[in-house]
Structures are given as structure tokens and as C-alpha cells.
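What the coordinates show
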Amino acid sequence: MARPLYFVGPWDLNRDLACVPPDPQAGSVVLVESEAKGRALPWHKQKLVLVLSAMRHFAHELEEAGYHVSIVRAKTYAEGLQKAVKKQRASEIIALMPREYGLSRSFAQAVEQNTWGVPLTLHDDGGDGGHYLLTREAFAEWAQRTQKKSDPRWRMDTFYRWMRQRTGWLMDDKGKPEGGKYSFDAENRKPAKNESPPSAPSFEPDAITRKAMAQVKKWPSPTWGELEPFRWPVTRAEALQALDAFFAQRAEKFGDYQDAMLGGEPFMWHTLISSSLNLSLLHPQEVCERVLEAQANGTMPLAAAEGLLRQIMGWREFMRGIYWQRVPQMRITNTLKAHHPLPKFYWEPAETDMNCVRTSVQQVHDTDYGHHIQRLMVLGNFALIAGVDPHALSHWFWAGFVDAYEWVELPNVMGMATFADTSFTTKPYAAAAAYIDRMSDYCKSCPYNPKERVGSDACPFNALFWAFMHRHRTRLEKNIRLKMLLRTWDKWDKKQRDAILRRARQLVKNLPVDDTGWTYEDDAA
Ligand code: SF4
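Scope of this entry: the structure provided in the associated data block. (Residues numbered from 1 in each chain as written. Predicted model: local features only at pLDDT ≥ 70, side-chain atom pairs only at ≥ 80, totals over all residues. Heavy atoms only, no water.)

Right, let's talk about the layout of surface pockets for a bit. Within this model, the second largest pocket holds a volume of roughly 510 Å³. In this structure, the second largest pocket is lined by 26 residues; those nearest its centre are Ser 34, Lys 37, Gly 38, Leu 48 and Trp 219. Those elements giving two or more residues to the lining of the second largest pocket turn out to be β2 (28–34), α1 (35–38) and α2 (45–64). Among the elements that line the lining of the second largest pocket, the one with the most residues is α2, at five residues. (1 Å grid on protein atoms, 1.4 Å probe; cavity = no way out; pocket = protein on both sides within 12 Å on 5 of 7 lines; lining within 4 Å. Points joined across faces, edges and corners; volume = space filled by probe spheres on them. Helix = DSSP H or I, 4+ residues; strand = E, 2+ residues; numbered from the N terminus.)

As C-alpha cells, this is what we get:
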């Protein structure tokens, strides 16, 4: 008898999702390794290993539980499904809504052209049986309801308050936020200069992971970064261990040092669960519930618990919702008309002597990871103030980070980091050296002086920051805080301002340009 075929996408690796049959008799399961996706970007080697290994572990786990499972290698996901439908004489395909625009478009085309010859049922990728807290419809309703004609920008703080009220998480019985305010962001910004972070969990590669590593060594298209040591959780059991390790060792200080950076300490007090969350090895609901439990039993201070909840139920859900509101336009929007090619040192860190940039890129190269302040205030900030093409930066983030998929990296890069898309941001996150000097120990081992703006040893961030402010003043002075900063600029004499602008021009002119020749296929599926 013909049975449904359940398509488990590479990010759908959890038995509680609606793309897995409710029992082994209800249908068979297919996972597809798409060649087009594999060569779409110069992926980080560890990310390739992670996705391949996690998919294969999940297939194995389902097989052990009695499911009929196949892994099909094909030119595209759609072709893989076509092969599987034919082989298993399936009656229909059941899947979750694809999480990336390229796959979504490819599925729509396949349905239109009747490629599979059987119907496709798509379940929402959020809410019950989905992988986000919200359904797409719920977010779209919120987005429509809160968009004002006078100011169409969506606001994360409004969304986050709505999510807190909707879930009741960290809310008292009068419907007010615990601790009297929704955000404790200001308390979560301490530098960590005299602190030593605990060691981070690491998971030894097993036979399945080692096989994926051997395959990635011979990958047929360009890849980036170090393959070893590979440390990431590839199963739900390992992801749960990583979550336990966070609550046991790092949750207490997570809030305090959320924004801090230290040379030689890539993981700090961060959760290190984003790669597992984005593969569905963990569900955001269970992580949020663990946070609430830790806060209630006193092992996680309120500010830390609120900060982590805000990342997961706030930013993560907001980014995914905004992505579907703005893609594909978000890929090409470029509000600040920034067109400089990606500097070579984003791929080859030895090409720069700026210690903050070199350390952060080297860390991503070696570990496939960088935490949010390195991403936003070092790597994103430099590209923003130097006028780097945001789409080129977006490809770098997408290819390079262990947890990056287009739905999460695109809005973060285009909106938060580069201000290319202003649909949900009110100001660019531009900063000079003082911020990096305050929040890290990078400047003390850097050949540049964070206090100087001009001269050969002056920190490049300073001249670039002021040139950026000057270049975009008409737009930026609409923001009251940036307007005050521009007043400082105006007070300096013309000679000083001209010298800063000259230094900035020289710095941009001398930036080594990406010469890899690598190509990128946004829609490859
Ligand atoms: Fe970065 Fe400037 Fe500090 Fe060097 S001095 S680490 S370039 S901020």
C-alpha cells in the first residue's frame, strides 16, 4: 500500500517535528544530501561535517526506532524527493515549511510543474510540531498589526514585550515583568578582563562523524576553515549534554559577561547551543523552560535569565519572522550604498594587523564560532564603517559560522550589522575603538593605539568611524544620540576633521581585497 513520504530537511532533526511520522507504520522518511547546496557557498569545513553527521545520526536513530529511512544524494533536494517518491511509490510528501527562501522557491516550482506526481503537504515550521515558538501566521499578524503608516519599522522591543506577555515567562501575577522591567540589557555589559571562563564542552567525533570528516577533506568545491578539532554536538543527546554543561558551569555569569571579549577565549560564558537549536536537536521551548527553572531555583540571576530568554524568544523568533517578511528584497537592499569589496582578511586573518579583527576571524576559521559581540561590534562594525558591500559580508557570515542559515544571518547582517535594511533597525551599530577597548583585552596586544585618530599607529576604527558619521550625517542625525556625537565632530577644527577623513580614505584604499574568486548561489537548494 502506498504510504506518505516524510521529508526531513537538514535542519529538522527532531522526532517531535511534524515532518517525522507519528509512528514507524505511518510512512517512510527521506533525508536528502543536495549537491547544489553543498557547493552553493565556500562552507566552513566544520559546518559541513556538522550537518552531514547530524543528519546521518538522526537517520540512524530513526532506523533504530523501527522507521524506514533513506538518505538520498541528488543534484537538488527536489530531485532527491523525486527519486524517493518513485522508489517507494509514495502517496504524498509531508514536510515542514522550508526554512530558507531558496528551498521554498524550489518546492513551489516542483508543485507547479508536478515534478513529484504526488501532492505536497507542508506543516508550519513554528508552533505545534514546528521548530519555532511562533507560527509564521502569528508573526505575520503581529507584523501587520504593529506596522504604523507614519513609521513602518518593526520594533524588536515591542515584539519581545508581546512574546513575554503571550507566554507569561518572567511575568508576575499582575502581568508585570519580573524585576520591574522587560530588559536588563544595561546590566549585561561588564568587561571580563580579570576573569577566566570555564572550559567549554567538546564532543569527540565518533565513526559517523569521522566518515563525514573524511568526505569533507575531499569536498569537490571550495571550503574554508579548519576541520579539526571538531567539537560540536551532532545528536540530541550531545546537545542536551551541552545544555546541561551551560547551566552547570556558565549560566551564573552569562549575563554579566554577555558582551565581553577576551583573546584566546572563543567561548566565554556563552551557551554554545545555537548550532543545536538551528538543527532542531534542541527546541527553543525546552531551552526557555530550563532558563526559567534556573532563575526560579536561584542558579541563574534574573538579569542573566532575562538576557538569554531575550536572545531565544526575542531575537531568534524576531529574526526568523522578519526574514520571511523581507526576503528576497532583503538580499539586495543597500540603504547606505556601501559597495567596497569584502576585505581579504575576512578569509585570511593574517592579512590584517588589527588585533580585534584578526583574532575574531582566526577564531571563526579555527572553531567555526564567534559570539554575538565579535560578530556585531568587531566584524560587522568594521565592514559597516569601512563601507563594505553588505551582501558580500552576508555571504561570509552564512558560509563561515556553525549556526548560520540564511533565515538568521541575513536579517542580522543586513539589518543589525550593516544597516543595509532598515525595516527593523533605528540606528547603525557603529563604534570606534573605545567600545572594543572597554569590552575586550584586544587593544593591549595591538600595534594600533585605540586613543589616536590620525597617524600611522592610530586605530583604523577611529578614523573610519568618524568618516562614516560624516558621510551619512543627514541620515544619522535623525537619531538623537548620534546627533549628539556629530556635535562633537563639529566642534573639532577643520584641519583635524580633514586629517581624519584623509586617514579614513587611505585606510579604505589600502584594504586588501578578497581575491578568492569564490562564487555564491543564494537560492541553491
Ligand atoms: Fe582593534 Fe583598534 Fe583595538 Fe587594535 S586598537 S584591537 S584595531 S580596536
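What follows picks up the thread again.
Right, let's get into helix α19 (residues 460–471). For α19, with twelve residues, the first-to-last C-alpha span of 16 Å sits near the 16 Å given by 1.5 Å per residue. With ten of its twelve residues buried, α19 lies for the most part within the structure. Burial in α19 covers these residues: Pro 460, Phe 461, Asn 462, Ala 463, Leu 464, Phe 465, Trp 466, Ala 467, Phe 468 and Met 469. Residues of α19 that are buried sit in contact with α14 (355–367), α15 (372–386), α18 (433–439), α20 (473–476), α21 (480–491) and α22 (494–509). (Expected span 1.5 Å × (residues − 1). Buried < 20%, exposed > 50% of the residue type's maximum accessible area, 1.4 Å probe, protein only. Contact = heavy atoms within 4.5 Å.)

Right, let's get into the packing of α19 against α21. At a closest axis distance of 11 Å, the pairing of α19 and α21 adopts a crossing angle of 110°. Considering the angle they form, α19 stands roughly perpendicular to α21. Listed contacts from α21 to Phe 465, Trp 466, Met 469 and His 470 of α19 are Leu 482, Leu 485, Leu 486, Thr 488 and Trp 489. Of the residues that constitute the contact of α19 with α21, the class distribution is seven nonpolar, two polar and no charged. (Axes fitted to C-alpha atoms, helices over the stretch in contact; angles between N-to-C directions. Parallel < 35°, antiparallel > 145°, perpendicular 65-115°, else oblique. Nonpolar A, V, L, I, M, F, W, Y, C, P; charged D, E, K, R; others polar.)

Before going further, it helps to spend a moment on the pairing of strand β4 (residues 93–96). By the alternation rule, side chains of β4 split into Ile 93 and Ala 95 and Ile 94 and Leu 96, which are all buried. In the sheet, strand β1 (residues 5–7) pairs with β4 via three bridges, with the strands oriented parallel. Across the sheet, the residue bridging to Phe 7 is Ala 95, located in β4. Taken together, the four bridges between β4 and strand β5 (residues 120–123) define a ladder with parallel strand orientation. For Ile 94, the partnering residue across the bridge sits in β5 and is Thr 121. (Pairing = 2+ DSSP bridges.)

Neighbouring strands of a sheet are bound in pairs by backbone hydrogen bonds; such pairs are parallel or else antiparallel. Strands sit in the order β3-β2-β1-β4-β5 across an open sheet of five strands; the sheet is parallel. Single-partner strands in this sheet number two, and they are β3 (69–74) and β5. Averaged over all pairs of adjacent strands, the angle between strand axes in this sheet comes to 30°, irrespective of strand direction. Two strands pair when backbone bridges link them, and β1 and β2 are joined in this way by three bridges, in the parallel orientation. Note on β2: the bridge partner recorded for Leu 5 is Ser 28.

Here the focus is the pattern of salt bridges. Using the criterion set out here, one finds 31 salt bridges in the structure. Among the ionic contacts, a cluster of salt bridges with common partners joins Arg 105, Arg 331, Glu 406, Asp 522 and Asp 523. (Salt bridge = Lys/Arg side-chain N within 4 Å of Asp/Glu carboxyl O.)

Following the sequence through the fold, Ser 360 ends up in helix α14. Relative accessible area serves as the criterion here: at 1%, Ser 360 is assigned to the buried category. When residues no more than four places from it in sequence are discounted, the contact partners of Ser 360 are Gln 374, Val 378, Leu 379 and Tyr 442.

Here we take up the side chain of Arg 136. Of note, Arg 136 is situated in helix α5 (residues 136–146). When its relative accessible area of 18% is taken as the criterion, Arg 136 is described as buried. At 2.8 Å, the side chain of Arg 136 forms a polar contact with the backbone oxygen of Pro 98. Not counting residues within four places of it along the chain, the set of residues in contact with Arg 136 comprises Met 97, Pro 98, Arg 99, Asp 124, Asp 125, Arg 320 and Trp 324. (Polar contact = N/O pair within 3.5 Å; in protein donor to acceptor, adjacent residues only side chain to side chain.)

This part takes up the packing of aromatic side chains. For the structure on display, the rule yields 36 aromatic pairs. Relative to Phe 401, the ring of Phe 397 lies with its centre 5.1 Å away and its plane at 15°, an arrangement referred to as stacked. Both residues of the pair, Phe 397 and Phe 401, count as buried. For the ring pair Trp 489 and Trp 492, a centre distance of 6.0 Å and an interplane angle of 70° mean the geometry is edge-to-face. For Trp 489, a relative accessible area of 1% translates into the label buried. (Phe/Tyr/Trp six-rings, centres within 6.5 Å; stacked < 30°, edge-to-face > 60°.)

So, about the pairing of β2. Summarising burial for β2: seven of the seven residues are buried, a large majority. Every second residue of β2 is oriented toward a common face, with Ser 28, Val 30, Val 32 and Ser 34 on one face and Val 29, Leu 31 and Glu 33 on the other, all of them buried. As paired elements, β2 and β3 share six bridges and run parallel to each other. Looking at the pairing, Val 30 lines up with Ser 70 of β3.

Coordinates in, geometry out; function isn't part of it.
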